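An overview of the molecular structure
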Amino acid sequence: MPRTGLPSGSGTWLDPDIPVTGGGPGYGAVVESLRDLLDGFAAASPDEETVRALADAFAAWSKRLERHRVGERQQVFGRRRDLHGRGQVMAPKFAAEESDERSVKGTVTFGRYFLGGNGAVHGGAIPLLFDEVMGRLSNTAGRSQSRTAFLHTDFRSVTPVGVPLSVRAWFESEEGRKRFIRAEIRDGDTLCAESHGLFLALLPGQP
Ligand SMILES: CCCCCCCC(=O)SCCNC(=O)CCNC(=O)[C@H](O)C(C)(C)COP(=O)(O)OP(=O)(O)OC[C@H]1O[C@@H](n2cnc3c(N)ncnc32)[C@H](O)[C@@H]1OP(=O)(O)O
């Protein structure tokens, strides 16, 4: 059992034996619907009747979910390593396509929910995606859990909303507890953003 709130490690990213940790086979479809809902809500200018209906529906679902509330160790959200994006909607969904012990490649499409302005992804959503991908890479392949010590992001060109983008992350070096990881997001040949980060393996007792 992990000591920290982070999900425990597993084999390589695309390990077929990653255990399903709650929520059942339909959980991934619900998370996809939630992503669609957030994108649809962000893109809509709803009339009053629609706003009231939404408020009532959301309140009813919040109340219903309250009955299923669990502690952090039993939480399903963000712990489904068998699903792209770990079954969470906080960060944009990264779909891994190729991985080995020290690198991963895949795609991401930032939905309308992540719009900053003028068709560009919000500048805070990009490091969020990097931390998600680089942090998980740091913790895979049997490595112990780590935390982000720093994450530097360079925005090289506008990252477009609604376009499939390629993402790559890889180990640059490892020195004791220090894992230096790099990552980039590209729109075709265009470099949109790149990042380098330091992930520190946690010591016993560190939260
Ligand atoms: C599946 C999950 C995917 C998502 C994963 C997401 C990962 C995350 O976002 S984690 C959340 C964000 N990060 C945090 O909250 C971390 C908060 N910070 C901490 O807890 C601590 O500072 C921690 C654990 C990182 C390091 O503390 P500690 O273990 O005491 O390390 P410390 O002894 O200070 O430093 C160790 C070495 O790293 C270096 N170091 C530490 N921080 C930094 C830094 N920011 N910049 C450069 N070097 C650093 C030190 O200089 C030292 O180097 P050396 O060994 O050469 O002297």
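Criteria and cut-off values
- Residues numbered from 1 in each chain as written.
- Predicted model: local features only at pLDDT ≥ 70, side-chain atom pairs only at ≥ 80, totals over all residues.
- Heavy atoms only, no water.
- Near = heavy atom within 4 Å.
- Polar contact = N/O pair within 3.5 Å; in protein donor to acceptor, adjacent residues only side chain to side chain.
- Areas by Shrake-Rupley, 256 points an atom, 1.4 Å probe, with all protein chains shown as cover.
- Helix = DSSP H or I, 4+ residues; strand = E, 2+ residues; numbered from the N terminus.
- Nonpolar A, V, L, I, M, F, W, Y, C, P; charged D, E, K, R; others polar.
- Phe/Tyr/Trp six-rings, centres within 6.5 Å; stacked < 30°, edge-to-face > 60°.
- Buried < 20%, exposed > 50% of the residue type's maximum accessible area, 1.4 Å probe, protein only.
- Pairing = 2+ DSSP bridges.
- Axes fitted to C-alpha atoms, helices over the stretch in contact; angles between N-to-C directions.

- Looking at an unreviewed UniProt entry, one finds the protein named Acyl-coenzyme A thioesterase THEM4 and attributed to Streptomyces rapamycinicus.

**Examining the site of the ligand**
- Neighbouring the ligand are 16 residues; Asp131, Thr148, Arg177, Lys178 and Gln206 lie closest to it.
- Contact distances for the ligand include 3.0 Å between a nitrogen atom and a backbone N or O atom of Thr148.
- Contact between the ligand and Gln206: an oxygen atom at 2.6 Å from a side-chain N or O atom of the residue.
- The protein chains hide 52% of the 1,200 Å² of surface that the ligand would expose on its own.
- For the shell around the ligand, the secondary-structure elements that each account for two or more residues are α3 (125–139), β5 (146–155) and β8 (190–201).
- Each residue belonging to the shell around the ligand can be placed in one class, and the counts come to 5 nonpolar, 3 polar and 8 charged.

**Let's talk about the packing of aromatic side chains**
- Counted by the stated rule, this structure contains 3 aromatic pairs.
- Geometrically, the ring pair formed by Trp13 and Phe94 is edge-to-face, given 5.5 Å between the ring centres and 80 degrees between the ring planes. With Trp13 in the segment before α1 (27–43) and Phe94 in strand β1 (residues 94–100), this residue pair connects regions lying 81 residues apart in the sequence. Here Trp13 and Phe94 have matching classes, each one buried.
- For the pair Tyr113 and Phe114, a centre-to-centre distance of 5.1 Å together with 75 degrees between the ring planes defines the contact as edge-to-face.

**Focus on the sheet that holds strand β2 (residues 103–108)**
- In spatial order, the strands read β1-β2-β6-β7-β8-β5; together these 6 strands make up an open sheet with antiparallel pairing. Two strands close off the open sheet at either side, each with one partner strand: β1 and β5. Each neighbouring strand pair of the sheet contributes to a mean axis angle of 20 degrees, computed without reference to strand direction.
- Taken together, the 6 bridges between β2 and strand β6 (residues 165–175) define a ladder with antiparallel strand orientation. Looking across to β6, one finds that Val104 is bridged to Ala169.

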